[in-house]
Amino acid sequence: MEVGNYSVGLDIGTTKIVAIIGKKNEYGKIEVLGIGKSKSLGVHRGVVNNITQTIQSIQQAVEEAEANSGLKIGSVVVGIAGQHIRSLHHSDYITRPDSEEVINDDDLDKLCNQVYKLVMLPGEEIIHVLPQEYKVDGQAEIKEPIGMYGGRLEANFHVVVGQVSSIKNVGRCIKSAGLDLGNITLEPLASSDAVLSKEEKEAGVALIDIGGGTTDLAIFKDGIIRHTAVIPFGGGVITEDIKEGCSIIEKQAELLKIRFGSAWPGENKDNEIVSIPGLRGREPKEITLKNLSKIIHARVVEIVEQVYTEIKNYGHEEQKKKLIAGIVLTGGGSQLKHLKQLVEYITGMDTRIGYPNEHLAGDSDAEIASPLYATAVGLLMNAVANEKKIKTAETKETLVDEGELVMAGHEEEAPQSSGPKVKKERKSVFDKWSEKLKDFLDNAE
């Protein structure tokens, strides 16, 4: 099967691994060409703890996606999460040598690179430096300082930190599975690309992605990411509680949760009972749905309260930082019955379930538009955007090679150099970080 350019997102989760192949159609939407998923065996709470099993699970998901699409997977964009991720706020500044010259990209790079040099705890590395607002000579709340005059350039940064070993392990699994690492994206950021609208990010919104092993939180306000957190609980601990509380095996507990589970105990009547077959000829067990939802409710309340504490830490209760668009729930855990109502009850914030269908082509499979695949779709979107950037850069280089590049505008005559010049494209902070990380992984082997 011959298809044009396509990209691949790989979501390495605690319960499942998803490989998703797609490309942009003529309407700018993502067309999914193939999807493969496998049970994740070597990952615990978002962190790889068994390399061999994780490699096998990745290969299984990739082979299924290849079989579905008839395409060969080479490079993938992978998500990083896990309980080792933490974030902090930091302010920094640089004094410019010549305040008569306007601020340019190099000044911003210098400021960002200065933050990368912060001393972290042993074994930790800064994986993300996200500028919030800038200050130029004391003038605050500047979103884009390029082109302005000033001697002192300051900025507030949202710094995301992770464990070096965990990041290297993910890179190792990808390489050993016979794939190239195209880029690494923080999973809450990928999910937010897939399910949040521009208006929500402007108004202020908290995205809660409830996965199997972790619950990821990303808070946006004025279109800028303000806070990220990873809470080391997810759908898996709810299943564990049902298993313990009802004395049944994990497979049965998971089925009970999906089929009959509810986050609101008042919903079930006392006489509603479900019967579970006993093991090896033992008597079947009878469980009341009211007890089941009480077990689920207790754990869900704990997860939601932890998330709400993080939202309050960000400062949601201050008038200026209020999240007008409320909460968006996504991930497999968001499909639990009556969860939306419980979250609204605990937090008092408007809540909706986030489906990644806004950016998908109209004829996409309904299954892919489930909250379960929010992170995978976000990673695919990231992969498609990367592909586009690479192509643009290549096109520019080709034009330069052929000597056809005409610089726009009437610029001053530059001294004749031996070859034609190309305008340097500004890289995002994330691209720079990805390159730095790829070098780091290559050198680590």
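Coordinates for the structure precede this section.
Residues numbered from 1 in each chain as written. Predicted model: local features only at pLDDT ≥ 70, side-chain atom pairs only at ≥ 80, totals over all residues. Heavy atoms only, no water.

Undergrad: Before we go on, may I ask you to explain the packing of aromatic side chains in this structure?
TA: Within a pair of aromatic rings, the relevant descriptors are the distance that separates the centres and the angle that separates the planes. On inspection of all chains with the given rule, the structure shows 1 aromatic pair. The cationic tip of Lys 321 hangs over the ring face of Tyr 314; the distance from NZ or CZ to the ring centre is 5.6 Å. (Phe/Tyr/Trp six-rings, centres within 6.5 Å; stacked < 30°, edge-to-face > 60°. Lys NZ or Arg CZ within 6 Å of the ring centre and 35° of its normal.)

Undergrad: Sorry if this is basic, but what is going on with the environment of Lys 72 here?
TA: Summarising the element assignment, Lys 72 is placed in the loop between helix H1 (51-69) and strand E6 (75-80). Judged by its relative accessible area of 60%, Lys 72 falls in the exposed class. Between the C-alpha atoms of Lys 72 and Val 62, which are 10 residues apart in sequence, the distance is 9.1 Å. In terms of polar contacts, Lys 72 uses its side chain to reach the side chain of Glu 66, at 3.4 Å. (Helix = DSSP H or I, 4+ residues; strand = E, 2+ residues; numbered from the N terminus. Buried < 20%, exposed > 50% of the residue type's maximum accessible area, 1.4 Å probe, protein only. Polar contact = N/O pair within 3.5 Å; in protein donor to acceptor, adjacent residues only side chain to side chain.)

Undergrad: So what exactly am I meant to see when it comes to the nonpolar core here?
TA: Generally speaking, nonpolar side chains in soluble globular proteins are found buried as a group. If you look at the biggest cluster of nonpolar residues, it comprises 58 residues, and the most contacted ones within it are Leu 10, Ile 12, Ile 58 and Ile 174. For this core, the leading source of residues is helix H10 (residues 374-401), giving 6 residues. (Core = buried A, V, L, I, M, F, W, Y, C linked by side-chain atoms within 4.5 Å.)

Undergrad: Any chance you could explain the sheet that holds strand E7 (residues 86-95) here in plain terms?
TA: The strands that make up a sheet are held in pairs by hydrogen bonds between backbone atoms, and each pair lies either parallel or antiparallel. Pairing within the open sheet is antiparallel, and its 4 strands lie in the order E7-E10-E8-E9. Only two strands of the sheet have a single partner each, and these edge strands are E7 and strand E9 (139-142). Averaged over all pairs of adjacent strands, the angle between their axes in this sheet comes to 40°, without regard to strand direction. Judged from the 10 bridges that link them, strand E8 (residues 124-136) and strand E10 (residues 152-163) form a sheet pairing that is antiparallel. The residue bridging Glu 124 from the neighbouring strand is Gln 163, located in E10. Where helix H2 (residues 105-116) meets the sheet, its contacts fall on E7, E8 and E10, and the angle it forms with E7 comes to roughly 130°. Sitting on the sheet, helix H3 (residues 164-176) touches E8 and E10, and the angle it makes with E10 is about 65°. (Pairing = 2+ DSSP bridges. Axes fitted to C-alpha atoms, helices over the stretch in contact; angles between N-to-C directions. Contact = heavy atoms within 4.5 Å.)

Without other data, these values stay purely geometric and don't point to any function.
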